[in-house]
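Descriptive structure summary
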Amino acid sequence: MTKDVFFDVVVIGGGHAGCEAAAASARLGVSTALYTHKIETIGEMSCNPAIGGLGKGHLVREIDALDGVMGEVADKSGIQFRLLNRSRGPAVRGPRTQSDRSLYKKYMQRKLLNYCNLSVFSDPVIEFIFYKNVVKGIITQSGKKISCNKLILTTGTFLNGLIHIGENKTPAGRFNEKPTTGLSEQLEKFNFSIGRLKTGTPPRLDRDTINFANLEEQHADVDPYFFSFLTDKITNAQVSCRMTYTNEKVHSIISKNIKLSAIYSGDIKGIGPRYCPSIEDKVIKFSDKKRHQIFLEPEGLNDRTVYPNGISTSLPAEIQAEICNNITGLENVKILRPGYAIEYDYVDPRELFLTLETKKIKNLFLAGQINGTTGYEEAAAQGLIAGINAAQSIKKSEPFILDRSEAYIGVMIDDLVTKGVAEPYRMFTSRAEYRLSLRADNADLRLTQKGIDIGLITDQRLKIYIEKFNSLEKMTKILTNLNISPSKVEKFGVNIAKDGISRNAEQILSQKDVKMSKIREIWPEIPFKSKEIDEQLEIKAHYRGYLNKQKADILAFKKDENLKIPEGVNYDILSGLSNEVKSKFKKIRPKTMGQALRIDGITPAAVYILLSHVKRKSIKNIA
């Protein structure tokens, strides 16, 4: 009889969540295995060929700051880098790149297949092995039994996935790939709350049949802003995207055939993402709009496929062709693959701890779309946290939890496990209360040391981080030790109050429109380290007052946030709470007062009742 194979951590799924989970666990030195349907689809970009954006780009920079793989792979496969909101403040700027779809997969696979402590297998998982409510391993399609201490489930849209094109339904995790079946049913036996969500994708178009002549062109940035702090140059040719629009004729075609759409026929029960609606949703819900923008995004340098971002649909293929042929530039376009909607199972994320371990099954972690999110970046960030915490648990180390004041990753996970989801969750800068501190540019300064502290950071990044940190310290010291009077600085075109009080270079830098170039004009002896160091010094000086206020807000937040709620609180005995509120408290079992306050539907009055109870109990225990 063959001896069971054993790994400390097993990851199911080779999508963006699975890749980060497996890499993080392996990076922490525990034996890790990744099980997936096909090795050749690891790192597949199932939907649009792009990484980042507003909020999402922040997540990727944070993943990279903790030595994750997405940022580096996105940079290596990037074919159109753009910094969104460049003209606005640094807190709301979001890096984004079009990626070459095949290069993204190539570099992700190369990275993972050569990762220390990580084994990768092409063998779908069909069954969990439980002992009571503890996960002990898996059984694969080939009949192999694999034992493990921790299991991370990252099934994306594959969990009982069902594709809809008009009235046609096909069980699939994505186009031409079989779904994962049987696992949801096992979870249901433990009374997990499982629901259905949906997402969609547009038809893929043949570039050679598009008339680009009169379409607006969107160029790549001249000075690219990268995702990884390790990247210093572009490796690929840069391309343009083109823009076109729907029109009243197109809207009429959609309205006339709306009952043929799976979304409107009643075939789909799952709720779709509000911020990435289908073209059917746009036409019906925004009937006053005469046109909707479409970005024609190339899928690769050597790929004639074009992704028309903005016309996600589940209408029949022939209607999709009619729609496209009535759009400027697409009059003679050939559809290479029709668009579709996909429905899949997800687990209510309120079933999870902040570590992403499930409350009902010990040693089982969930990450990605299975937790009700949408997007590559949200999935990858969850995978990273699940992988870290699975490995930390193996090593009997403290859990790794980022709070809302430290990272967008912390905001997202807190939102998920506290509030749950009513629709697929997408990250936006507006979700973060402390976004002035949580910028894309300072992700490494916020998070890399935390990674170093737990042994997550590899040597190359460690060296770069220490050099940057030391350079900033040195430059800050130089700026604070150089002084100038108001009359002298006026000669350089800088106007400050004529009060006779000297200012140091950092205070001069804080003046409106003053950059490090002006500071060096005044003090030529100041050394130049890098453009990145100058940017950090400028932001720190320009936003000093706001950042100090936010720092005070964060300290106040943490005071309330960190007030712990004892494990064994009996919510049923708390008078003044409605049964609904008691039920929510019992389901989520908040760890802190801050988390209790953020539960959907919980009022400050309800939290005050809980706070009074906890304080009375502590006083009683002390007495």
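A few points on the structure.

Looking now at helix α2 (residues 56-65). Burial analysis of α2 places 10 of its 10 residues in the buried class, which makes it a mostly covered element. Along α2, the positions that sit buried rather than exposed are Lys56, Gly57, His58, Leu59, Val60, Arg61, Glu62, Ile63, Asp64 and Ala65. Immediately downstream of α2, the backbone of Asp67 shows phi near 70 degrees, a positive value.

Here we come to helix α13 (residues 459-480). One turn of the α-helix equals 3.6 residues, which is why residues spaced by three or four share an orientation. Taking 1.5 Å of rise per residue, 22 residues should cover 32 Å, and α13 covers 32 Å from first to last C-alpha, within 8% of that figure. What α13 keeps buried is the set Arg461, Tyr465, Lys468, Ser471, Leu472, Met475, Thr476 and Leu479. Burial along α13 is one-sided: seen end-on, the buried residues are contained in an arc of 130 degrees. Across α13 from its buried face, at more than 90 degrees, point the exposed residues Asp459, Lys463 and Lys477.

Its place among the elements puts Asn332 in the loop between α9 (317-324) and β18 (335-337). Measuring from C-alpha to C-alpha, the distance between Asn332 and Thr209 comes to 6.1 Å, with 123 residues separating the pair along the chain. For Asn332, the contacting residues outside a window of four places in its chain are Thr209 and Asn325.

Next up on the list: the environment of Lys540. Its location among the elements puts Lys540 in helix α17 (residues 531-542). Residues Lys540 and Leu354, 186 residues apart in the sequence, show an inter-C-alpha distance of 31 Å. Once you skip the residues sitting within four places of it in the chain, Lys540 turns out to touch Thr476, Glu506 and Leu547.

With that settled, consider the packing of α13 against α17. Interhelical geometry of α13 versus α17 gives an angle of 55 degrees and a closest axis separation of 10 Å. By the angle class used here, α13 and α17 are oblique. For the element pair α13 and α17, the recorded crossing hand is right-handed. Across from Lys468, Ser471, Leu472, Met475, Thr476 and Leu479 in α13, the residues of α17 making contact are Glu532, Ile533, Gln536, Leu537 and Lys540. Looking at the contact of α13 with α17 residue by residue, the class counts come to five nonpolar, three polar and three charged.

Another aspect to go through is the sheet that holds strand β10 (residues 162-165). The strand order across the open sheet built from four strands is β11-β10-β19-β12, with neighbouring strands paired in antiparallel fashion. The two strands at the open ends of the sheet, each matched to only one other strand, are β11 (168-171) and β12 (194-201). Neighbour-to-neighbour, the strand axes of this sheet turn through a mean angle of 25 degrees, independent of strand direction. Sheet topology places β12 next to strand β19 (residues 340-347); eight bridges connect them, and they run antiparallel. Residue pairing for β19: Leu197 is matched across the bridge by Tyr344.

Our focus in this paragraph is the sheet that holds strand β16 (residues 293-298). If you trace the six strands from one edge of the open sheet to the other, you get β14-β15-β16-β17-β13-β18, paired in antiparallel fashion. With partners counted over all chains shown, the strands left at the sheet margins are β14 (216-218) and β18, one partner each. Looking at each pair of strands side by side, their axes are set apart by 35 degrees on average, direction ignored. Two strands pair when backbone bridges link them, and β16 and strand β17 (residues 305-309) are joined in this way by four bridges, in the antiparallel orientation. Counted as the bridge partner of Glu297 is Tyr307 from β17.

Here we come to the side chain of Asp348. Position of Asp348 relative to the elements: it lies in the loop between β19 and β20 (364-366). Within the structure, Asp348 has its side chain in polar contact with the side chain of Arg350 (distance 2.9 Å). A polar side-chain atom of Asp348 sits 3.4 Å from a polar atom in the side chain of Lys587. Discounting chain neighbours no more than four positions away, the residues touching Asp348 are Ser193, Gly420 and Lys587.

Okay, the side chain of Thr358 next. By the element assignment, Thr358 lies in the loop between β19 and β20. There is a polar contact of 2.6 Å between the side chain of Thr358 and the backbone oxygen of Ile361. With near-sequence residues (within four places) excluded, Thr358 lies in contact with Phe192, Glu351, Leu352, Phe353, Leu364 and Leu366.

Here is what the cut-offs are and how they apply
Think of each chain on its own: its residues are numbered from 1, step by step along the sequence as written. In view of the model being predicted, local features appear only for residues whose pLDDT reaches at least 70, and side-chain atom pairs are presented and counted only at 80 or more, with totals across whole chains, interfaces and linings using the full set of residues. For the side-chain quantities, the full set of heavy atoms in the structure was used; hydrogens and water were omitted. Partly exposed residues are those whose accessible area sits between 20% and 50% of the maximum for their type, while under 20% is buried and over 50% is exposed, using a 1.4 Å probe and protein chains only. Each helix is a run of H or I in the DSSP string that is no shorter than four residues. Each strand is a run of E no shorter than two, and both are numbered from the N terminus. By this rule, a helix spans an expected 1.5 Å times one less than how many residues it contains. Relevant arc is that of directions from the helix axis to the C-beta atoms, nothing else. Contacts were defined at the residue level, with two residues in contact if any of their heavy atoms lie within 4.5 Å. A fitted line through C-alpha atoms represents every axis, and for helices the fit uses only the stretch in contact; the resulting angles, taken between N-to-C directions, go from 0 to 180 degrees. Just so you know how the angles are binned, under 35 degrees is roughly parallel, over 145 roughly antiparallel, 65 to 115 roughly perpendicular, and the rest oblique. Crossing chirality is assigned from the near helix's rotation relative to the far helix, an anticlockwise turn below a right angle marking it left-handed and a clockwise turn marking it right-handed. Each residue gets one of three labels, nonpolar for Ala, Val, Leu, Ile, Met, Phe, Trp, Tyr, Cys and Pro, charged for Asp, Glu, Lys and Arg, and polar for the others, Gly among them. Two strands qualify as a pair provided that DSSP identifies no fewer than 2 bridges between them. Within 3.5 Å is the distance limit for a polar contact, defined as a pair of N or O atoms, with the added protein rule that one can donate a hydrogen and the other accept it, and that residues adjacent in sequence qualify only through two side-chain atoms.

That's the geometry; what it means functionally is another story.
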